[in-house]
Amino acid sequence: MISTTHIAIAAAASKTLSQGNPLAAFFISWASHYLADAIPHWQYKLKVSKKWSNDPGDLEKIRKSSLPLTDYVAVALDSFIGALVIFLISPHGSLKDWLYILAVVAGGPFPDFLLFLHKRFSWRILEVLRKFHDSFHSGINLSPYPKLGIPFQIIIVLIALWIAI
Ligand SMILES: [Zn+2]
């Protein structure tokens, strides 16, 4: 699931559950990611995902290589769009408001950031979190069906934003 969708779902969950507390919003956003990934979804292809194997030999090679710049650009753009939308629909008059927005924007896609770290570092905790993340992932992959997957994800974003506003 793309970062923009994760951020929108995180905003909806935080609005409902965090009572405006930034720390609570971060953890609620983080947790919302796993539940959101359980929904069958489409995902744009990253070049690195072609070698996105968790085989120890492959991981070793990935960790030693640099990731394609286009992957960074795609994820940054995706996250920026999500952040911008949440910024526009959220109050941002006080420091607490800004921390709240930051918590949602950082927390929603956080497990995917941990996956990225897992492809860089061989820390045991990252492997445990990777397995936890994978255990939630829907077995139905809509990535080969963008004509179904993209509109479906847009609908999810719109529902989430409707709740988050
Ligand atoms: Zn994920």
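Before any of the text, the structure's been laid out above.
Everything numeric here is computed off the predicted structure, so don't read it as measured data.

1. Brief notes about the coordination of the zinc ion
So, step 1. Within the first shell, the zinc ion binds the protein through His33 (NE2), Asp37 (OD), Asp112 (OD) and His133 (NE2), at distances of 2.1 to 2.5 Å.
So, step 2. Of note is the zinc ion, whose 4 donor atoms meet at the metal with angles of 81 to 177° in an arrangement that counts as irregular.
So, step 3. By relative accessible area, which is 0% here, His33 ends up buried.

2. So, helix α3 (residues 56-64)
So, step 1. Leu59, Ile62 and Arg63 are the residues of α3 that are buried. Along the axis of α3, the buried residues cluster in a sector spanning 100°; they form a single face. Residues of α3 that are exposed and angled more than 90 degrees away from the buried face: Lys61 and Lys64.

3. Things to note about helix α2 (residues 22-37)
So, step 1. Here α2 is 16 residues long and its end C-alpha atoms lie 23 Å apart, about the 22 Å a rise of 1.5 Å per residue gives.
So, step 2. Within α2, the full set of buried residues consists of Pro22, Ala25, Phe26, Ile28, Ser29, Trp30, Ser32, His33, Tyr34, Ala36 and Asp37.
So, step 3. The inward-facing, buried residues of α2 abut α1 (3-17), α5 (95-107), α6 (110-118) and α7 (124-136).

4. Considering the layout of surface pockets
So, step 1. Taken as a whole, the second largest pocket encloses approximately 230 Å³ of empty space.
So, step 2. In terms of lining residues, the second largest pocket is bounded by 15 residues, among which Lys15, Gly20, Ser90, Pro91 and Tyr100 are the most central.
So, step 3. Elements with a contribution of two residues or more to the lining of the second largest pocket: α1, α4 (69-89) and α5.
So, step 4. If you tally residues by element for the lining of the second largest pocket, the top one is α5, at 4 residues.
So, step 5. Considering only residue class, the lining of the second largest pocket consists of 8 nonpolar, 4 polar and 3 charged.

5. Side note on the packing of aromatic side chains
So, step 1. Using the criterion set out here, one finds 14 aromatic pairs in the structure.
So, step 2. The interplanar angle of 20° and the centroid separation of 6.0 Å between the aromatic rings of Phe27 and Trp30 together place this pair among those described as stacked. Residue Phe27 and its partner Trp30 are located together in helix α2, separated by 3 residues, close to a single helical turn.
So, step 3. For the pair Tyr34 and Phe136, a centre-to-centre distance of 5.4 Å together with 35° between the ring planes defines the contact as tilted. In this pair, Tyr34 is assigned in helix α2 and Phe136 in helix α7, connecting sequence segments 102 residues apart.
So, step 4. Take Tyr34: its relative accessible area is 7%, and that puts it in the buried class.

6. Let's talk about the environment of Thr5
So, step 1. Note on placement: Thr5 falls in helix α1.
So, step 2. Looking at Thr5, the relative accessible area reads 0%, which means it is buried.
So, step 3. For the pair Thr5 and Ile81, spaced 76 residues apart in the sequence, the C-alpha separation amounts to 9.9 Å.
So, step 4. Each residue touching Thr5, except ones within four places of it in the same chain, is listed here: Gln153, Ile156 and Val157.
So, step 5. A polar side-chain atom of Thr5 sits 2.8 Å from a polar atom in the side chain of Gln153.

Criteria and thresholds
Residues numbered from 1 in each chain as written. Predicted model: local features only at pLDDT ≥ 70, side-chain atom pairs only at ≥ 80, totals over all residues. Heavy atoms only, no water. Donors = N, O, S within 2.8 Å, 3.2 Å for Na, K, Ca; no water. Tetrahedral: all angles 85-135°; square planar, octahedral: opposite > 155°, others 65-115°. Buried < 20%, exposed > 50% of the residue type's maximum accessible area, 1.4 Å probe, protein only. Helix = DSSP H or I, 4+ residues; strand = E, 2+ residues; numbered from the N terminus. Arc of directions from axis to C-beta. Expected span 1.5 Å × (residues − 1). Contact = heavy atoms within 4.5 Å. 1 Å grid on protein atoms, 1.4 Å probe; cavity = no way out; pocket = protein on both sides within 12 Å on 5 of 7 lines; lining within 4 Å. Points joined across faces, edges and corners; volume = space filled by probe spheres on them. Nonpolar A, V, L, I, M, F, W, Y, C, P; charged D, E, K, R; others polar. Phe/Tyr/Trp six-rings, centres within 6.5 Å; stacked < 30°, edge-to-face > 60°. Polar contact = N/O pair within 3.5 Å; in protein donor to acceptor, adjacent residues only side chain to side chain.

All quantities given are derived from atomic positions and should not be read as evidence of function.
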